[in-house]
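The chain contents come next:
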Amino acid sequence: MTTDRVATGETSVSSEVGVAKMTLEEVREILGAEVIAGAHLLSLEVSMGCGADLMSDVLAYGKPGSLLLTGLTNQQVVRTAEMADIVAICFVRGKRPDEQTIKMAKSQELPLLWTKLPMFESCGRLYRRGLIGVSEYTE
Amino acid sequence: MPFTKVQELVYEMKVSQVMTRSIITVGPQMPMSELREIFRDKRISGTPVVDGGRLVGIISLEDFIKWLYDREGDSLIGDKMTRNVETLYDDEPLVHAVSKFDTSGFGRFAVVERLSGKLVGVITKGDIIEGLLKKLEVEYHEEEIHRYRASHIFEDIVADRTTLVFEYDVVGREFDRAGESSSRLKRTLTRLGLEPGMTRRVAIATYEAEMNLIVFTEGGKISVRLEPGRVAVDVTDSGPGIPDIERALQPGYSTAPQWVRELGFGAGMGLVNMQKCADEMEIISAPGKGTHIKIVILTGRNR
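This one's a predicted model, so the numbers in the text were calculated from it and none came from an experiment. (Residues numbered from 1 in each chain as written. Chains lettered and ligands numbered in written order. Predicted model: local features only at pLDDT ≥ 70, side-chain atom pairs only at ≥ 80, totals over all residues.)

## Observations regarding the overall build of chain A
Right, so step 1: Counting its regular elements, chain A contains 7 helices and 8 strands.
Right, so step 2: Relative to all contacts within chain A whose residues are 6 or more apart in sequence, the contacts with residues 24 or more apart total 57%. (Helix = DSSP H or I, 4+ residues; strand = E, 2+ residues; numbered from the N terminus. Contact = placed C-beta atoms within 7 Å.)

Below is the structure:
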């Protein structure tokens with residue numbers, strides 16, 4: 001189904017790897033997501049996406065400037081984002097974090113989004129619209 | 001400027017911090033015709049009316065214009081002023097003033113001291129905005145100064161060698177608090193102006209170390225020595241120790257309980273991640289003797 005990209009005139013992935021950025025507002029639209037924290041920060045840009053439920057993997061392979069997609073909703077997700085310079089978190093599969101986690105994110109000005117889509121589809125939709133992955137990113 | 005900061009200030013700041021203190025008052029017996037000069041000379045658009053030290057009303061430019069419009073000869077201020085004056089106390093938070101402006105539609109309120117009932121000032125919407133902007137500016141400057149001072153600390157200290165030491169005590173088994181020490185450390189290093197890549201590596205290494213302390217021990221200590229160009233981290237505990245260090249360093253090897261895995265950790269990547277962030281790492285451990293992990297992280301140009 002690559003005709004979609006060609007038809008809308010979007011840049012092809014192969015030639016533009018490493019430069020495409022996406023605002024959180026665009027992410028919100030593409031995923032039909034709700035904003036849980038940081039509604040005033042939706043103009044922030046993410047350079048790549050990182051999907052993981054294992055926080056150690058985020059710490060190991062995540063890069064600064066990423067959007068983290070995860071099904072995990074505890075406070076350690078926010079801590080991990082803080083340590084790894086993650087720009088924003090989107091919780092997938094309709095899972096919502098508790099109040100404590102939201103509070104922690106707010107105090108750090110870390111935007112939180114929430115989508116009902118499962119992990120694979122969330123990542124797929126963003127990738128299809130041009131958001132690259134961590135391994136493709138070059139500074 | 002984050003919206004939330006302004007909201008916070010509106011609750012924090014008091015009416016007395018933004019109100020105009022040098023107020024001009026008029027008496028109820030003064031003729032309306034004299035207001036013109038007062039308003040023009042003092043560049044104000046309204047003023048409290050005081051009789052024998054007591055606040056009896058407020059007369060505004062609007063009242064004055066209305067009087068001019070249906071002018072039937074001069075009148076006394078006392079006859080044209082707004083009588084049921086709503087006042088604010090000087091120690092009320094600004095948010096009260098904001099909501100009062102919102103609901104009443106008035107342009108200004110007299111401010112009285114709570115105990116004495118004495119008139120001490122006047123507050124307008126403009127005063128509130130100006131007060132908030134000033135406060136934001138001052139806080140911004142203070143933060144800038146803090147940042148500047150912190151980031152130049154090594155230049156300011158005169159010595160042959162300078163070392164800053166930060167120590168953090170980590171309490172074991174308190175999973176909810178995991179990351180608190182690393183978070184505090186990261187904020188400190190950021191403020192000290194360390195290069196972001198280096199700060200990130202230190203933060204990730206100490207976070208994984210902190211997690212290990214919490215999962216496997218009754219607690220321990222993270223000690224961070226900061227010198228120009230390098231950061232040395234020492235993590236010590238008197239926990240169970242590591243029986244086979246070589247195996248523990250293999251990616252995916254884990255002895256963590258299931259509940260830790262459910263929380264997104266314990267997949268055998270902790271020590272591996274620490275090693276990945278470190279330029280040098282040494283593990284000293286034996287069963288029953290606790291663990292001491294030494295990590296050195298260098299600035300980008302020293303790597």
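There's more to say after this.
## A few points about the sheet that holds strand β6 (residues 88–91) of chain A
Residue and element names in this part refer to chain A.
Right, so step 1: Pairing in this open sheet of 6 strands is mixed, and the strands run β2-β7-β6-β5-β4-β8 from one edge to the other. The strands lining the two open edges of the sheet, one partner per strand, are β2 (34–37) and β8 (132–133).
Right, so step 2: The pairing of β6 with strand β7 (residues 112–114) spans 3 bridges and is parallel. By the bridge assignment for β7, C90 is matched with L113.
Right, so step 3: Docked against the sheet, helix α7 (residues 119–128) engages β4 (48–51), β5 (66–70) and β6, running at close to 170° with respect to β4. (Pairing = 2+ DSSP bridges. Axes fitted to C-alpha atoms, helices over the stretch in contact; angles between N-to-C directions.)

## Details of unusual backbone geometry
All names here are of chain A.
Right, so step 1: For D85, which is not a glycine, the phi torsion comes out positive at approximately 55°.
Right, so step 2: In this structure, D85 sits in the loop between α5 (75–83) and β6.
Right, so step 3: Of note in this structure, E109 is not a glycine but carries a positive phi near 55°.
Right, so step 4: Relative to the elements of secondary structure, E109 occurs in the loop between α6 (99–107) and β7.
Right, so step 5: Under the C-beta neighbour-count criterion, E109 is labelled partly exposed, with 13 such atoms within 10 Å. (Buried ≥ 20, exposed ≤ 12 C-beta atoms within 10 Å, placed from the backbone.)

## Focus: the interface of chain B and chain A
In many reports, interface size means the accessible area that the parts give up when they come together.
Right, so step 1: Of the residues lining the interface, 21 residues belong to chain B; the matching set on chain A comes to 20 residues.
Right, so step 2: Those elements giving two or more residues to the side of chain B that touches chain A turn out to be α9 (180–191), α10 (196–216) and α13 (270–277) of chain B.
Right, so step 3: When residues of the side of chain B that touches chain A are assigned to their parent elements, the largest contribution, 5 residues, is made by α10 of chain B.
Right, so step 4: Class assignment of the residues belonging to the side of chain B that touches chain A gives a composition of 10 nonpolar, 6 polar and 5 charged. (Nonpolar A, V, L, I, M, F, W, Y, C, P; charged D, E, K, R; others polar.)

## So, the sheet that holds strand β7 (residues 219–227) of chain B
Residues and elements named next belong to chain B.
Right, so step 1: Spatially, the 5 strands line up as an open sheet ordered β6-β7-β8-β10-β9, and their pairing is antiparallel. The strands lining the two open edges of the sheet, one partner per strand, are β6 (164–171) and β9 (280–285). Between one strand and the next, the sheet's axes are offset by a mean angle of 10°, whatever the strand orientation.
Right, so step 2: Two elements, β7 and strand β8 (residues 230–237), share 8 bridges in a ladder whose sense is antiparallel. From the neighbouring strand, V224 faces β8, where its bridge partner is V233.
Right, so step 3: Strands β6, β7, β8 and β10 (291–298) of the sheet are contacted by α10, whose axis makes an angle of about 0° with β8.

## Considerations on the packing of α10 of chain B against α13 of chain B
Residue and element names in this part refer to chain B.
Right, so step 1: Two elements in contact, α10 and α13, have axes whose closest approach is 9 Å; the angle formed by their N-to-C orientations is 155°. Between α10 and α13, the angle is such that the two are roughly antiparallel. Between α10 and α13 lies a crossing whose hand is left-handed. Contacts from R201, I204, A205, E208, A209, M211 and N212 in α10 reach G270, N273, M274 and C277 in α13.
Right, so step 2: Residues of the contact of α10 with α13, tallied by class, amount to 6 nonpolar, 3 polar and 2 charged. (Parallel < 35°, antiparallel > 145°, perpendicular 65-115°, else oblique. Left-handed = near helix turned anticlockwise from the far one by under 90°.)

## Things to note about the nonpolar core
Soluble globular proteins tend to pack their nonpolar side chains together in the buried interior.
Right, so step 1: Residues V27, I89 and C90 of chain A together with A205 of chain B are the most contacted members of the largest nonpolar core, which totals 68 residues.
Right, so step 2: The greatest single-element share of this core, amounting to 12 residues, is contributed by α10 of chain B.
Right, so step 3: Residues within four places of I89 of chain A in sequence aside, it is in contact with L68, T70, V77, A81, L110 and L112 of chain A.
Right, so step 4: M32, F64, L88 and I128 of chain B belong to the second largest nonpolar core, which has 21 residues in total. (Core = buried A, V, L, I, M, F, W, Y, C linked by C-beta atoms within 7 Å.)

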